[in-house]
Amino acid sequence: MINPYLDIVIRSVAVYLFMIVALRIFGKKELSQLNTADVILILLISNSVQNAMVGSNTSLLGGVVAAFALFIINMIFKKIMLYSKFIKNLVQDKPEVLVHNGKIEFKMLSKLGITSDELQEAMREHGVEHYKEVKLAMFEIDGSISIISGNDQLRQTHHKRKIHKTLGNLNN
């Protein structure tokens, strides 16, 4: 018979790895702009995987062991990604060009599910009115949009995609 706390660690690591794969499949955009339905989904997922991690153990120690296992596997996974380009590329998307020298990359916007309204909002937040003024707009690996304009008088900024107004800014 396996130690019940070792069982929790194994289950927690399995759930963590499943979530890494699921987020890779569903994309970074899903986390960059949370609306009410997304928050509900996250809450339901966390509730559904809780039992998968701790099984029938509802003790404080069981919960602490599961949380500790998640922190440790997360730290290990980040270290592995730091040293292994293969794993990093497997798990993490690359930045994508949305606008280059005033030319919109419509195929990329479509692939990433970014609407022209979202791109225009990011441009306005950077003080840019027209696409023609954009030297480079990038969809970053964290789901934000950064914009470099051709206007030297504008301050270049990094735009964090907004989330639902009632939730505040969870991207900090």
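Not measured: the values here are computed from a predicted model.

**Focus: the environment of L109**
Part 1: Relative to the helices and strands, L109 resides in helix α6 (residues 106-112).
Part 2: Given a relative accessible area of 5%, L109 falls into the buried group.
Part 3: On a C-alpha basis, the gap between L109 and V99 in space is 9.3 Å, while along the polypeptide they are 10 residues apart.
Part 4: Setting aside residues no more than four positions away along its own chain, L109 makes contact with L98, I104, I114 and L119.

**A closer look at the pattern of salt bridges**
Two side chains carrying opposite charge are able to pair once their charged atoms lie near each other.
Part 1: Summed over all chains, the structure comprises one salt bridge.
Part 2: As a salt-bridge pair, D7 and R11 come within 2.9 Å of each other at their nearest N and O atoms. Here D7 and its partner R11 are both found in helix α1 (residues 4-26), four residues apart, which amounts to about one turn of the helix.
Part 3: Residue classification places D7 among the partly exposed positions, given a relative accessible area of 26%.

**Remarks on the confidence of the model for the protein**
Part 1: Overall, the predicted model of the protein reaches an average pLDDT of 79, with 81% of residues at or above 70.
Part 2: This model gives residues 162-172 a pLDDT under 50, and the stretch forms 22 contacts once residues within four places in sequence are excluded.

**Here's the deal with the pairing of strand β1 (residues 96-100)**
Part 1: Of the pairings in the sheet, the one linking β1 to strand β3 (residues 134-139) comprises four bridges and is antiparallel in character. Opposite E96, over in β3, you have F139 as the bridge partner.
Part 2: Of the strand pairs in this sheet, β1 and strand β2 (residues 103-104) are connected by two bridges, and their pairing is antiparallel. Within the sheet, the bridge partner assigned to H100 lies in β2 and is K103.

**Digging into the packing of α1 against helix α4 (residues 60-83)**
Part 1: Relative orientation of the contacting elements α1 and α4 amounts to 45°, with a least axis distance of 9 Å. By the angle between their directions, the pair α1 and α4 is classed as oblique. In this structure, α1 crosses over α4, and the sense of that crossing is right-handed. Residues Y5, I8, V9, S12, V13, Y16, L17 and I20 of α1 lie in contact with α4, whose contacting residues are L61, G62, V65, A66, A69, L70, I73, N74 and F77.
Part 2: Across the contact of α1 with α4, the residue classes break down as 14 nonpolar, three polar and no charged.

Cut-offs used in this document
- Residues numbered from 1 in each chain as written.
- Predicted model: local features only at pLDDT ≥ 70, side-chain atom pairs only at ≥ 80, totals over all residues.
- Heavy atoms only, no water.
- Helix = DSSP H or I, 4+ residues; strand = E, 2+ residues; numbered from the N terminus.
- Buried < 20%, exposed > 50% of the residue type's maximum accessible area, 1.4 Å probe, protein only.
- Contact = heavy atoms within 4.5 Å.
- Salt bridge = Lys/Arg side-chain N within 4 Å of Asp/Glu carboxyl O.
- pLDDT = per-residue confidence, 0-100.
- Pairing = 2+ DSSP bridges.
- Axes fitted to C-alpha atoms, helices over the stretch in contact; angles between N-to-C directions.
- Parallel < 35°, antiparallel > 145°, perpendicular 65-115°, else oblique.
- Left-handed = near helix turned anticlockwise from the far one by under 90°.
- Nonpolar A, V, L, I, M, F, W, Y, C, P; charged D, E, K, R; others polar.

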